[in-house]
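A closer look at the structure
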Protein chains: 2
Amino acid sequence: MADSEALPSLAGDSVAVEALLRAVFGVVVDEAIQKGTSASQKCHYSIQKGAAFLGLGTDSVRVVKADERGKMVPDDLERQIGMAEAEGAVPFLVSATSGTTVLGAFDPLEAIADVCQRHGLWLHVDAAWGGSVLLSQTHRHLLDGIQRADSVAWNPHKLLAAGLQCSALLLQDSSNLLKRCHGSQASYLFQQDKFYDVALDTGDKVVQCGRRVDCLKLWLMWKAQGDQGLERRIDQAFALARYLVEEIKKREGLELVMEPEFLNVCFWFVPPSLRGKQDSPDYHQRLSKVAPVLKERMVKEGSMMIGYQPHGPRGNFFRVVVANPALTCADMDFLLNELERLGQDL
Amino acid sequence: MADSEALPSLAGDSVAVEALLRAVFGVVVDEAIQKGTSASQKCHYSIQKGAAFLGLGTDSVRVVKADERGKMVPDDLERQIGMAEAEGAVPFLVSATSGTTVLGAFDPLEAIADVCQRHGLWLHVDAAWGGSVLLSQTHRHLLDGIQRADSVAWNPHKLLAAGLQCSALLLQDSSNLLKRCHGSQASYLFQQDKFYDVALDTGDKVVQCGRRVDCLKLWLMWKAQGDQGLERRIDQAFALARYLVEEIKKREGLELVMEPEFLNVCFWFVPPSLRGKQDSPDYHQRLSKVAPVLKERMVKEGSMMIGYQPHGPRGNFFRVVVANPALTCADMDFLLNELERLGQDL
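No experiment lies behind these values; they were computed from the predicted model shown. Sequence order as written defines the numbering, with residues in each chain counted from 1. Each chain gets a letter, beginning with A, and each ligand a number, beginning with 1, in the order they are written. At least 70 in pLDDT is required for a residue's local features to be given in this predicted model, at least 80 for side-chain atom pairs to be given and counted, and no such filter applies to totals for whole chains, interfaces and linings, which use all residues. Excluding hydrogens and water, the side-chain figures rest on all heavy atoms present in the structure.

**Here's the deal with the sheet that holds strand β10 (residues 307-311) of chain A**
Sheet strands line up and pair through hydrogen bonds in the backbone, either parallel or antiparallel. Residues and elements named next belong to chain A. Being paired, for any two strands, means DSSP has found at least two bridges between them. Comment: elements are numbered from the N terminus, with helices defined as DSSP H or I runs of at least four residues and strands as E runs of at least two. Taken in spatial order, the four strands of this open sheet run β8-β9-β11-β10, and their pairing is antiparallel. Each having just a single partner strand, β8 (254-256) and β10 make up the two edges of the open sheet. For this sheet, the mean inter-axis angle between neighbouring strands, taken without regard to orientation, is 45 degrees. Pairing of β8 with strand β9 (residues 264-269) involves three bridges; the strand directions are antiparallel. The residue of β9 that forms the bridge with E255 is W268. By definition, residues are in contact when any of their heavy atoms lie within 4.5 Å. For helices, the axis comes from a line fit to the C-alpha atoms of the stretch in contact; other axes are also lines fit to C-alpha atoms, and the angle between any two N-to-C directions lies between 0 and 180 degrees. Here helix α8 (residues 290-301) sits on the sheet in contact with β9, β10 and β11 (314-321), set at roughly 40 degrees to β11.

Shown next as structure tokens:
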């Protein structure tokens, strides 16, 4: 990034709103955007929310197809742009995702950047979840092409475990775009007659007014851990996710949703009463009711807390994301043993 | 308030954006709004920023006259509404302020509410700064009429000194308006098949996604201090401001901008070389350069930090706001002595 702008204390969705706002500046009125595996699914709801918030309307958001692993299909992006233009709309922004919320999918950024380049579109990459992978020499290839993005959103409060909230918006722009978009020159707050270079005052570049200095905790953490320390965290998280996946494969009654490429380990717990009944007509319906029951039990026991969700045609499954650097393989064993214990009578 | 909605972690300006968004819902396209003492002054810049952010455009914000104390003039509000309607615009929201940023002015809410009622307009009160005064039996009359507002923004992180950020948006509405405005029903985040009443999940009511539980610190502080403890803080702050004002009146070289009605004590430090020269043609120009020099000196010494700003035709003056409950009269004495020490050669 030629120029980077820290926007601490904005959560990922607000950063997406920021990116939309920035893309609108000097440009136009419709957008092509990455979404889930079908029109009824959504990879992150912040884009539609941002479009509503900015007065563009949710109808201006076009949903691009994703493949079965949740990755944007560049051919369909090209097709959607063509359709939008044929309808008289003026696409201006493509939002790709590096690390989707549920499946942890990474969009093919090089191919998407090619499409954007051909059509002169702003490429925003929502790397809120996956951006930290850039710190790992081993795994950063997942983000190949991100250097071609016009804007990137990144949440160190996710994978790096900085305290909520800690978000950054990185821009290629070197024309002081944030100031041009957001500057309101409120003379009673942003005095120009200070004794230091007022270009250092970032207050007038952002949407909010009063806010915490959230960049400080990232800076401190980075100074304390170093590039290598943060890289170790990322690599260890990948190793633990791999361990968990292999354990899931070994055990009866656990079924992976798919082989993960990132840290999102998605799987079903199939209780004893449903094992071997995959062909019965109400199997999926009954399986979908298992995760909510187990969640209730673990919360009431206080032993652990794992999120579940449906995804497109797939019924409720658990999603374990290992980001805490203090976790070990023994914790993964505990997690699976506890699920089995809580679900043995189902 | 019939129904209250806590929106922690939004700063005051974001809350104003929220209020605008809420007012737009089901209604329309132009607004009459309180502003500073002339068209070139602004009481809080968040309203114009919010209008830009929501795609309404800053031209849709009309500036209502304020009197010499910074209070909205209800007759001018009525006039602006008439002018807007005559131009074919449809006013929908009036934003009044309880405790303006610089002068600490409280708008006459009863008279403004009358105007809003006559015209069927949403009344928003930006009580970000002054809202905490409601906790004081002695001073709460400053907010008389606020019970007639449709929405109120309040920042406990200001006068109550809760840690940044801690903001609340209070609504008369009892129709679950926030949910209707912001709800995006992202099924992978806001599951409906939980074991408790999902109406308790507030995540889908707000603009942001990942966020801190900022209401907790307000709740804890309130439990720890009680109504009376918080009331004492407010009353003590008023008493200290009064002490400071009386000290300023006693001393040579200090000049009040106006007799304050709130905690904003605004004054000039007139250095020895300018005393008695009020009639010289460059007096105001030279006086305006004093505060930045003193600010530089106090910052470099590390002894204190007091903000200054111009306001309309008034050149740079200091604004001391006493909110910290640990401060005493001795601190006020120190502050004035230090100003005199730092400025004795000017």
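**Points about the sheet that holds strand β11 (residues 314-321) of chain B**
Residues and elements named next belong to chain B. Pairing within the open sheet is antiparallel, and its four strands lie in the order β8-β9-β11-β10. Lying at the two open borders of the sheet, with one neighbouring strand each, are β8 (254-256) and β10 (307-311). Neighbour to neighbour, the strand axes of the sheet diverge by 45 degrees on average, direction disregarded. Together, β8, β9 (264-269) and β11 form the strand contacts of helix α9 (residues 329-343), whose direction differs from that of β9 by roughly 25 degrees.

**Thoughts on the pattern of salt bridges**
The salt bridge definition used is simple: a Lys or Arg side-chain nitrogen within 4 Å of an Asp or Glu carboxyl oxygen. In the structure shown here, the tally under the stated rule is 40 salt bridges over all chains. Where R62(B) meets E87(B), a salt bridge forms, and the shortest distance between an N and an O atom there is 2.8 Å. Note that R62(B) is positioned in strand β3 (residues 61-64) and E87(B) in the loop between α3 (74-86) and β4 (93-97), a separation of 25 residues in sequence. Buried means the residue's accessible area, taken with a 1.4 Å probe over protein chains only, is under 20% of the maximum for its type, while exposed means over 50%, and partly exposed covers the values in between. Assessed through its relative accessible area of 14%, R62(B) is described here as buried. Take E87(B): its relative accessible area is 55%, and that puts it in the exposed class. Look at the salt bridges and you will find they share partners, linking R242(A), E246(A), K249(A) and E259(A) into a network.

**Concerning helix α6 (residues 215-250) of chain B**
Between the first and last residue of a helix there are one fewer steps than residues, each counted as 1.5 Å, and that sum is the expected span. Counted at 1.5 Å a residue, the expected span for α6(B) with its 36 residues is 52 Å, but the 43 Å between its end C-alpha atoms falls short. Given a residue, its bend is the angle between the two axes fitted to the seven residues that end at it and to the seven that start from it. Where α6(B) bends most, at G226(B), the angle is about 90 degrees.

**What to know about the confidence of the model for chain A**
Regions with low pLDDT should not have their predicted coordinates read in detail. All names here are of chain A. Each residue carries a pLDDT score, the predictor's own confidence in it, on a scale running from 0 to 100. Taken as a whole, chain A shows an average pLDDT of 84; of its residues, 86% reach a score of 70 or greater. Predicted confidence is poor over residues 1-14, with pLDDT under 50, and the contacts of this stretch with residues over four places away or in other chains come to 58 contacts. Across residues 16-43 the pLDDT falls below 50, and counting only partners more than four positions away or on other chains, this stretch makes 113 contacts in the model. Model confidence for the complex: the whole-complex pTM is 0.84, and ipTM, which rates the interface, is 0.79.

**Some points on α9(B)**
Residues and elements named next belong to chain B. Helix length check: α9 (15 residues) gives 21 Å between terminal C-alpha atoms against 21 Å at 1.5 Å per residue, within 8%. Residues M332, L335, L336, E338, L339, L342 and G343 constitute the buried set of α9. Down the axis of α9, the sector holding all buried residues measures 160 degrees, keeping them to one side. On its buried face, α9 sits against α6, β8, β9, α8 (290-301) and β11. Picture the helix axis, draw a direction to every C-beta atom, and the arc is the one those directions span.

**Points about the UniProt feature "modified residue: N6-(pyridoxal phosphate)lysine" (unreviewed entry) in chain A**
Residue and element names in this part refer to chain A. The UniProt record annotates "modified residue: N6-(pyridoxal phosphate)lysine" (unreviewed entry) at K158. As for its position among the elements, K158 is in the loop between β6 (151-154) and β7 (168-171). Once you skip the residues sitting within four places of it in the chain, K158 turns out to touch A128, W129 and A323. UniProt positions are given in the numbering used here, feature names are shortened, and annotations may be inferred rather than shown by experiment.

**A closer look at the side chain of Q309(A)**
In this fold, Q309(A) is placed in strand β10. At 3.0 Å, the side chain of Q309(A) forms a polar contact with the side chain of R319(A). Two N or O atoms count as a polar contact when they lie within 3.5 Å, although within protein this holds only if one can serve as hydrogen donor and the other as acceptor, and sequence-adjacent residues are included solely when both atoms are side-chain atoms.

**Re the pairing of strand β5 (residues 122-126) of chain B**
Residue and element names in this part refer to chain B. Within β5, five of the five residues are buried, which leaves the element mostly enclosed by the surrounding structure. Here β5 shows a buried face lined by W122, H124 and D126 and a second buried face lined by L123 and V125. With five bridges connecting them, β4 and β5 associate as parallel partners. Note on β5: the bridge partner recorded for L93 is W122. A clockwise course of the path from the first strand over the helix to the second, judged with the strands pointing away from the viewer, identifies a crossover as right-handed. Taking the sense of rotation as the criterion, the β-α-β connection linking β4, helix α4 (residues 109-119) and β5 turns out right-handed. Judged from the three bridges that link them, β5 and strand β6 (residues 151-154) form a sheet pairing that is parallel. Counterpart to V125 in the pairing with β6 is V152.

**A short note on empty space enclosed by the protein**
Residue and element names in this part refer to chain A. Lining residues are defined by having an atom within 4 Å of a point belonging to a cavity or pocket. Those points lie on a 1 Å grid over the protein atoms alone, cavities being sets where a 1.4 Å probe fits but cannot get out and pockets being open sets with protein on both sides within 12 Å along at least five of seven lines. Grid points are joined across faces, edges and corners, and a volume is the space filled by probe spheres set on the points. In total, this model carries 10 cavities of 30 Å³ or more according to the counting rule given. Put simply, the second largest cavity is a space of about 60 Å³. Lining the second largest cavity, in full, are K179, F190, Q191, Q192, V198, D201, G203 and D204. Asp, Glu, Lys and Arg are counted as charged, while Ala, Val, Leu, Ile, Met, Phe, Trp, Tyr, Cys and Pro are counted as nonpolar; the rest, among them Gly, fall into the polar class. Grouping the amino acids of the lining of the second largest cavity by side-chain chemistry returns two nonpolar, three polar and three charged.

**A word on unusual backbone geometry**
With an omega dihedral of -10 degrees, the bond running from L164(A) to Q165(A) counts as a cis peptide bond. Within the fold, Q165(A) resides in the loop between β6 and β7. The phi dihedral of N176(A) falls on the positive side, at around 60 degrees, and the residue is not glycine. On the secondary structure map, N176(A) appears in the loop between β7 and α5 (177-182). We note that A161(B) has phi near 65 degrees; this positive angle belongs to a residue other than glycine.

**Description of the domain arrangement of chain A**
Reports of interface size often rely on the accessible area that becomes lost once the parts have come together. Residues and elements named next belong to chain A. Note that the domain bounds were set by an automatic or database domain assignment. By domain assignment, chain A separates into domain 1 (14-218) and domain 2 (228-343). Between domain 1 and domain 2, the residue contacts involve 26 residues of the former and 23 residues of the latter. Two parts placed together each lose some accessible area; with a 1.4 Å probe, that loss summed over both constitutes the buried area. Buried surface at the junction of domain 1 and domain 2, both sides included, amounts to about 2100 Å², of which 63% is carbon and sulfur. Broken down residue by residue, the surface that domain 1 buries against domain 2 is led by R69, V102 and L103, which jointly contribute 28%. Viewed at the interface, domain 2 and domain 1 are joined by one salt bridge. Among the ionic pairs, K71 bridges to E261, the shortest N-O distance being 2.8 Å. The interface formed by domain 1 and domain 2 includes 11 residue pairs in polar contact (both at pLDDT 80 or more). Grouping the constituent residues of the side of domain 1 that touches domain 2 by class yields 11 nonpolar, 11 polar and four charged.

**Regarding the packing of aromatic side chains**
Residues and elements named next belong to chain A. Only centres within 6.5 Å qualify two rings of Phe, Tyr or Trp (six-membered ring in Trp) as a pair; their planes then separate them into stacked at under 30 degrees, edge-to-face at over 60, and tilted for everything else. Summed over all chains, the structure comprises 14 aromatic pairs over all chains. Plain terms: the ring middles of W129 and F262 are 5.0 Å apart, the flat faces sit at 50 degrees to each other, and that makes the pair tilted. You can see W129 sitting in the loop between β5 (122-126) and β6 and its partner F262 sitting in the loop between β8 and β9, a full 133 residues away along the chain. Each member of the pair, W129 together with F262, is buried. An aromatic cluster of at least three residues, connected via ring pairs, comprises F106, W129, F238 and F262.

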